[in-house]
Every structure is written in structure tokens, then in C-alpha cells.
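What follows is the residue order along each chain.
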Amino acid sequence: YALNIARSEAMKSNSASVCVSSDQATCTTGAWTTGWIVFNDLNGNCTVDAGENVIKAVEATPNLISISVAPTDSCVTYAGNGFITPPGDAPLAFSCCDDRTGPQVGRTVNLIITGRPATTPSAC
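Along each chain, numbering runs from 1 in the same order as the chain's sequence is written. Per-residue local features are limited, in this predicted model, to residues with pLDDT of at least 70; the limit for side-chain atom pairs, both in listing and counting, is 80 or more; totals at the level of whole chains, interfaces and linings are taken over all residues. Working from all heavy atoms in the structure, the side-chain values ignore hydrogens and water.

Time to look at the pattern of salt bridges. Salt bridge criterion: a side-chain nitrogen from Lys or Arg within 4 Å of a carboxyl oxygen from Asp or Glu. Counted according to the given criterion, the structure contains two salt bridges. Linking glutamate 9 and lysine 12 is a salt bridge whose minimum nitrogen-to-oxygen distance equals 3.5 Å. Linking glutamate 9 with lysine 12, this pair stays in helix α1 (residues 2–13), spanning three residues, or about one helical turn. Between aspartate 98 and arginine 100 there is a salt bridge, with its nearest N and O atoms 3.0 Å apart. Helix and strand assignments come from DSSP, with helices taken as H or I runs of at least 4 residues and strands as E runs of at least 2, each series counted from the N terminus.

Here it is as C-alpha cells:
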């Protein structure tokens, strides 16, 4: 959901990012399960600077045991055309698992360079 919002916002304002945020106001390091924010990242530096607004904030996700990103990244930036920028940051895969185990109980959100997310079942 946040990735779709960021992509849409980037096409309106020329750049937007989604980053890990433990305080729901700034980009921080750590696990995606601590929360994340979507913001207009006008200069594409993965930092909420003066004049850049947080559009969506998501608090910690206690029901999710893990969210892993491959390759490891704490920020995803979209260009004005809706593509991931820089292009070398794609493809990305967000793997999400809760307390269940087994085949196809988790979900993986895949992002290719075009920025459109696609969800597939995955094992946990």
C-alpha cells in the first residue's frame, strides 16, 4: 500500500520515498517492522528535509515477525515517471512473515525498475 502511495505521489510531485522510520517522522535505520513513512522527497536523498511532507506514517507492525528486503535497503525512492531511482536499486523484494510457518503463508512484494509492486505468496 505504501509503495503505491509513494509511486503515485512521485508522479505528482516528481519524487517520493518510502523509508524505515521508528518515530514516524524521520528516516531511521533498523528493521522495517519498526514502521515506515512515505514522503515527498523533492531532492531524492531519502531524508525528510524542510519543505518535504510526510504523506503516510505506519507504526510498528507487531503482528509481523519479519519484513526483509533484498537487496538490503532502508529506503525506496521513486522518480517522477514512477520508476525506482536510481535504476540500480531495482529489483527489490520485500518478504513479510507473521507467526505462521509453512509454504505460501507469507507474502513477497516484488518491485522491478518500473516501480509497480506485485505480490506473490512465499514460505515463512
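Turning our attention to the state of the cysteines. The disulfide definition used here is simple: a pair of cysteine sulfur atoms within 2.5 Å. Considering all chains together, one arrives at three disulfides under this definition. Across the disulfide from cysteine 19 sits cysteine 27; the S-S distance is 2.0 Å. Because the torsion about its S-S bond is -90 degrees, the bridge between cysteine 19 and cysteine 27 counts as left-handed. In this model, cysteine 46 is linked to cysteine 75 through a disulfide, with the two sulfur atoms separated by 2.1 Å. What sets the handedness of the cysteine 46 and cysteine 75 disulfide is the S-S torsion sign, and at about -90 degrees it is left-handed. Remark: cysteine 75 occurs in strand β5 (residues 75–79) and cysteine 46 occurs in the loop between β2 (36–40) and β3 (54–58); sequence separation between them is 29 residues. Since its relative accessible area comes to 23%, cysteine 46 is described here as partly exposed. Relative accessible area decides the class of each residue, using a 1.4 Å probe on protein chains only: under 20% of the type maximum gives buried, over 50% gives exposed, and in between gives partly exposed. Residue cysteine 75 is classed as buried on the basis of its relative accessible area of 8%. Shown here for the chain is a disulfide pattern of 1-2, 3-4, 5-6, where each number marks a bonded cysteine counted in sequence order.

Okay, the layout of surface pockets next. With a 1 Å grid laid over protein atoms only, a set of points is called a cavity when a 1.4 Å probe fits there but cannot get out and a pocket when it is open yet has protein on both sides within 12 Å along at least five of seven lines; lining residues have an atom within 4 Å of a point. Grid points are joined across faces, edges and corners, and a volume is the space filled by probe spheres set on the points. The calculated volume of the largest pocket comes to roughly 300 Å³. Taken together, 15 residues form the lining of the largest pocket, with Tyr1, Ala2, Leu3, Trp36 and Val109 sitting closest to its centre. Those elements that place two or more of their residues in the lining of the largest pocket are α1, β3, β7 (92–97) and β9 (117–122). Per-class residue counts for the lining of the largest pocket are 13 nonpolar, one polar and one charged. All amino acids are sorted into three groups, where Ala, Val, Leu, Ile, Met, Phe, Trp, Tyr, Cys and Pro are nonpolar, Asp, Glu, Lys and Arg are charged, and the leftover types, Gly among them, are polar.

With that settled, consider unusual backbone geometry. A cis amide bond links threonine 85 with the next residue in sequence, proline 86, at an omega value of -10 degrees. Phi at asparagine 14 is positive, roughly 90 degrees, even though this residue is not glycine. In this structure, asparagine 14 sits in the loop between α1 and β1 (15–20). Positive phi is not limited to glycine here, since glutamine 104 has a value of about 60 degrees.

Let us now look at the nonpolar core. By nonpolar core is meant a set of buried Ala, Val, Leu, Ile, Met, Phe, Trp, Tyr and Cys residues that side-chain atoms within 4.5 Å join together. Counting residues in each nonpolar core, the largest one holds 23 residues, and the members touching the most others are Trp32, Tyr78, Phe94 and Leu111. Sorting the residues of this core by element identifies α1, β1, β2, β4 (66–70), β5, β7 and β8 (106–111) as the ones contributing at least two each. Take this core: its biggest share by element is five residues, from α1. Leaving out residues up to four positions away in the same chain, tyrosine 78 has contacts with Leu3, Ala6, Arg7, Ala10, Asn14, Ser15, Ala16, Phe83, Ile84, Thr85, Leu111 and Gly115. For this analysis, residues touch if any pair of their heavy atoms sits within 4.5 Å.

As far as function goes, none of this settles anything; it's purely spatial.
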